[in-house]
Amino acid sequence: AQKITQTQPGMFVQEKEAVTLDCTYDTSDPSYGLFWYKQPSSGEMIFLIYQGSYDQQNATEGRYSLNFQKARKSANLVISASQLGDSAMYFCAMREAYTGKLIFGQGTTLQVKP
Amino acid sequence: GAVVSQHPSWVICKSGTSVKIECRSLDFQATTMFWYRQFPKQSLMLMATSNEGSKATYEQGVEKDKFLINHASLTLSTLTVTSAHPEDSSFYICSATALGSRTKNIQYFGAGTRLSVL
């Protein structure tokens, strides 16, 4: 069965520093997609970054980068130069190949300290 | 970018009444939309997959007669909570898939609906 695991319920980071949010996954499908979403207290789910299982390079989107280690089945999110507005809950998700469903991890609450 | 609009953002209703929540893809067509439920401090739980022009596919344990889903067009899916009870109070959020290699089949989410049943 496919599964996403986020082992960090909560994280703190100092403003302007970098932070890594962990995500491991389990699947037997050769083709899959990995996503990170940000959910602020308002509740909306904001798409941050995507990594395809066949992508050769790690995905980057502005201050967000995805450290994709296929052999270890990990897809950690790195946020550089943290800002106060980065305080939110972050979800890692994997897309099932045939159904398109997203399987979400438990989430990590990030708090950025001034 | 792809925009998904969800209305209402917040609704309070009396026990026994029905509530309809709309999910619209504003700048793209979505043959597939998804409906999730989320409890405080928890992850998203998929309720059903909504396919345009066909019946929704419900996840195990989700009552299809209680949570009616209609996907009548390529830009609109609705979730109706019928005969709502206090235990149905939750945060409901929809998503739509922007198809195509350029968009990487990303699911874009609406802003969510907070339902409170008195």
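Residues numbered from 1 in each chain as written. Chains lettered and ligands numbered in written order. Predicted model: local features only at pLDDT ≥ 70, side-chain atom pairs only at ≥ 80, totals over all residues. Heavy atoms only, no water.

(A) Quick peek at the layout of surface pockets. Put simply, the largest pocket is a space of about 410 Å³. Along the walls of the largest pocket sit 18 residues, with Gln39(A), Ser41(A), Pro40(B), Lys41(B) and Arg114(B) positioned nearest its centre. Every element with two or more residues in the lining of the largest pocket is listed here: strand E10 (88–95) of chain A together with strand E9 (90–97) and strand E11 (113–117) of chain B. Among the elements that make up the lining of the largest pocket, the one with the highest residue count is E11(B) (3 residues). Of the residues assigned to the lining of the largest pocket, the class counts are 7 nonpolar, 9 polar and 2 charged. (1 Å grid on protein atoms, 1.4 Å probe; cavity = no way out; pocket = protein on both sides within 12 Å on 5 of 7 lines; lining within 4 Å. Points joined across faces, edges and corners; volume = space filled by probe spheres on them. Helix = DSSP H or I, 4+ residues; strand = E, 2+ residues; numbered from the N terminus. Nonpolar A, V, L, I, M, F, W, Y, C, P; charged D, E, K, R; others polar.)

(B) View of the nonpolar core. Counting residues in hydrophobic clusters, the biggest one holds 44 residues, and the most contacted among them are Phe104(A), Tyr36(B) and Phe109(B). With 5 residues, E9(B) is the largest single contributor of residues to this core. Among residues more than four places away in sequence, those in contact with Tyr36(B) are Leu102(A), Phe104(A), Leu44(B), Met45(B), Leu46(B), Met47(B), Phe91(B), Tyr92(B), Ile93(B), Ser95(B), Gln107(B) and Phe109(B). If you look at the next biggest cluster of nonpolar residues, it comprises 25 residues, including Val13(A), Ile49(A), Tyr90(A) and Ile103(A). (Core = buried A, V, L, I, M, F, W, Y, C linked by side-chain atoms within 4.5 Å. Buried < 20%, exposed > 50% of the residue type's maximum accessible area, 1.4 Å probe, protein only. Contact = heavy atoms within 4.5 Å.)

(C) Region of interest: the packing of aromatic side chains. Summed over the entire model, instances satisfying the criterion amount to 15 aromatic pairs over all chains. Judged by centre distance (6.5 Å) and plane angle (25 degrees), the rings of Tyr25(A) and Phe68(A) are stacked. Linking Tyr25(A) in strand E4 (residues 24–26) with Phe68(A) in strand E8 (residues 64–69), this pair joins segments that are 43 residues apart in sequence. Exposure class is identical for Tyr25(A) and Phe68(A). Each is buried. Arranged with centres 6.3 Å apart and planes meeting at 20 degrees, the rings of Phe35(A) and Tyr37(A) form a pair that is stacked. Looking at Phe35(A), the relative accessible area reads 0%, which means it is buried. Among the aromatic residues, those joined into a cluster by ring pairs are Phe35(A), Tyr37(A), Phe47(A), Tyr50(A), Phe91(A), Phe104(A), Phe28(B), Tyr36(B), Tyr108(B) and Phe109(B). If you follow Arg63(A) out to its NZ or CZ, it ends over the ring of Tyr64(A), 5.7 Å from the centre. (Phe/Tyr/Trp six-rings, centres within 6.5 Å; stacked < 30°, edge-to-face > 60°. Lys NZ or Arg CZ within 6 Å of the ring centre and 35° of its normal.)

(D) Region of interest: the state of the cysteines. The tally for this structure, following the rule as stated, stands at 2 disulfides over all chains. Covalent S-S linkage joins Cys23(A) and Cys92(A), the inter-sulfur distance amounting to 2.0 Å. Linking Cys23(A) and Cys92(A), the disulfide has an S-S dihedral of approximately -65 degrees and is accordingly described as left-handed. Here the residue Cys23(A) occupies a position in the loop between strand E3 (19–21) and E4, and Cys92(A) occupies one in strand E10, the gap between them amounting to 69 residues. We classify Cys92(A) as buried; its relative accessible area is 0%. There is a disulfide in this structure between Cys23(B) and Cys94(B), and the S-S distance comes to 2.0 Å. Sign of the S-S torsion, about 85 degrees for the bond between Cys23(B) and Cys94(B), identifies this disulfide as right-handed. Placement of the pair is Cys23(B) in strand E3 (residues 19–25) and Cys94(B) in strand E9, with a sequence separation of 71 residues. Here Cys23(B) falls in the buried class, since its relative accessible area comes to 0%. Accessibility expressed as a relative area gives 0% for Cys94(B), which makes it buried. (Disulfide = S-S within 2.5 Å.)

All we've got here are geometric facts, nothing functional implied.
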